[in-house]
Structures are given as structure tokens and as C-alpha cells.
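# Structural features, examined
What follows is the residue order along each chain.
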Amino acid sequence: YTVVRKYIINGDLNTSKQIVFYAKDKIGNVSSKIITFSNLDNTAPVISKVSSSDYFEDGVATGWKIDAAGSDSGSGLMGFALTKEEKEPDVSEYKNVTSFNIKHSGTYYVWARDNVGLVTKSEPIVIESDFMYYDNEIKDVKYNGHEIDHIEYNGKYIRL
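### With respect to the sheet that holds strand β4 (residues 60–71)
Sheet architecture is open: 3 strands sit in the order β3-β4-β6, paired in antiparallel fashion. The two strands at the open ends of the sheet, each matched to only one other strand, are β3 (46–57) and β6 (99–102). Direction aside, neighbouring strands of the sheet carry axes that sit 20° apart on average. The sheet contact formed by β3 and β4 spans 11 bridges and is antiparallel. Its bridge partner being in β4, Ile47 is matched across the sheet by Gly70.

What follows is the structure in C-alpha cells.
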């Protein structure tokens, strides 16, 4: 009959390490197998910086820019993603970029993913609209059924 045992290896391994596995049957026969492990990464990437600033086109602030920085000492950083939800993005959304341009105010999250699939999420990044009405932020405006990202008022470009 066959006996299966599962072993969990914790921590990171940046070098090679050999582990010997032994098996013994009911009458005392022993066999062994040497397995070499290397480059194990069990540590999620680190997001070291997230910042936001105005994004300009032709001298006009038309949106916002979110910048991120991070690292992964194990398998290396695959990339960053940006979401408006706390739900982890699909792997296809991660890009090898550190800046994201956005047109709408709201709450955003930066995600870092390493090359073995470990993920780290930033704290929320709150981008506030340029338009305040009686101390209330005006955002998520729809016009004729379409969400708009800005209005022009008295010749000024106002981001929503």
C-alpha cells in the first residue's frame, strides 16, 4: 500500500539545500531519497512608497498620478496594479510600471505581485475631487448617462 505525507517548507531559501527523506516498511527495510531545494520564496513583496500628485496635459491638471515603489528580495517583483476595490486584481492587470494616471477621484489601492504569485496591497489612497459644494466633495457625476471626469467652469478645468 502507499502512504503519502505532505511536508511544508517555511521561510525563504536563496541558496540550495538538500533534504533527505526516509521511508521504512513494516519489516525494517529503509530507503531514502535526497531532494535539492533552491530559490524558495515565501515572503510577499514590499511596497515602500505610494504617493499621488497632479497629472498635467498642456499645462492643465487633467487628472492625478499615483506613483509606487517596491521590491521583492526573493523571486523578484513581477509588477504593480491599481484598483478601486480591495479585491485582488487578476494577474493580467499587473504591469511593469510604477506610475498610474487616473481621471476620476475616489479611493484606490496599489498592488505589488512577485514572480511566484505573492501579493501585497497598499493602504487606501484617497483622491479628492477639485469641486466642493458647501464643503461636500462632488464626484461621480453623470451627464446624459455617461460618467464625466471633469467640468469646465468660467474657463477653468475642474476634475471630478
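Back to the write-up after that little detour.
### Observations regarding the layout of surface pockets
The volume enclosed by the largest pocket comes to roughly 340 Å³. Looking at the largest pocket, it is lined by 11 residues, and the ones nearest its centre are Val3, Arg5, Tyr22, Ala23 and Lys24. Partitioned by chemical class, the residues of the lining of the largest pocket number 7 nonpolar, no polar and 4 charged.

### A few points about the pattern of salt bridges
Under the definition given, this model contains 5 salt bridges. With a shortest N-O distance of 3.5 Å, Lys103 and Glu57 are connected by a salt bridge. One end of the pair, Lys103, is in the loop between β6 and β7 (106–114); the other, Glu57, is in strand β3, and 46 residues separate them in sequence. A residue is classified by how much of its surface remains accessible, and Lys103, at 31% relative accessible area, is partly exposed. Classification of Glu57 as partly exposed rests on a relative accessible area of 35%. Asp130 serves as the salt-bridge partner of Arg159, at 2.6 Å between the closest nitrogen and oxygen. Of this pair, Arg159 sits in strand β15 (residues 156–159) while Asp130 is found in the loop between β9 (125–127) and β10 (132–133), placing the two residues 29 residues apart along the sequence. Judged by its relative accessible area of 4%, Arg159 is buried. Among the charged side chains, a salt-bridge network with shared partners connects Asp54, Asp130 and Arg159.

### Here we look at the nonpolar core
Membership of the largest hydrophobic core comes to 13 residues, with the highest contact counts inside it found for Ile66, Phe80, Leu82, Ile102, Tyr108, Val110 and Ile127. Secondary-structure elements contributing two or more residues to this core are β4, β5 (77–83), β6, β7 and β9. With residues up to four places along the chain from it excluded, the contact list for Ile102 reads Gly63, Trp64, Ile66, Leu82, Tyr108 and Ile127.

### Regarding the side chain of Thr120
Mapped onto the secondary structure, Thr120 falls in strand β8 (residues 119–121). Of the polar contacts made by the side chain of Thr120, one reaches the backbone oxygen of Pro45; its length is 2.5 Å. Residues in contact with Thr120, not counting those within four places in the same chain, are Ala44, Pro45, Ile47, Val110, Trp111 and Ala112.

Conventions we followed
The residue numbering used here restarts from 1 in each chain and proceeds along that chain's sequence as written. Totals for whole chains, interfaces and linings use every residue, but because this is a predicted model, local features are given only for residues with pLDDT of at least 70 and side-chain atom pairs only at 80 or more, for both listing and counting. Hydrogens and water are ignored here; the side-chain numbers use all heavy atoms of the structure. A pair of strands is considered paired only if DSSP assigns at least 2 bridges between the two. Only DSSP runs of H or I covering at least 4 residues are called helices, and only runs of E covering at least 2 are called strands; the numbering of each starts at the N terminus. Only the stretch in contact is used when fitting a helix axis, every axis being a line fitted to C-alpha atoms; angles between N-to-C directions are given from 0 to 180 degrees. With a 1 Å grid laid over protein atoms only, a set of points is called a cavity when a 1.4 Å probe fits there but cannot get out and a pocket when it is open yet has protein on both sides within 12 Å along at least five of seven lines; lining residues have an atom within 4 Å of a point. Grid points are joined across faces, edges and corners, and a volume is the space filled by probe spheres set on the points. Residues are grouped as follows: Ala, Val, Leu, Ile, Met, Phe, Trp, Tyr, Cys and Pro are nonpolar; Asp, Glu, Lys and Arg are charged; every other residue, Gly included, is polar. Any carboxyl oxygen of Asp or Glu within 4 Å of a side-chain nitrogen of Lys or Arg constitutes a salt bridge here. Partly exposed residues are those whose accessible area sits between 20% and 50% of the maximum for their type, while under 20% is buried and over 50% is exposed, using a 1.4 Å probe and protein chains only. The definition of a nonpolar core used throughout is a set of buried Ala, Val, Leu, Ile, Met, Phe, Trp, Tyr and Cys residues joined through side-chain atoms within 4.5 Å. Note on contacts: a residue pair is in contact if any heavy atoms of the two residues lie within 4.5 Å. The term polar contact refers here to a pair of N or O atoms within 3.5 Å; inside protein, the definition further demands a hydrogen-donor-capable atom paired with an acceptor-capable atom, and it admits residues adjacent in sequence only when both atoms are side-chain atoms.

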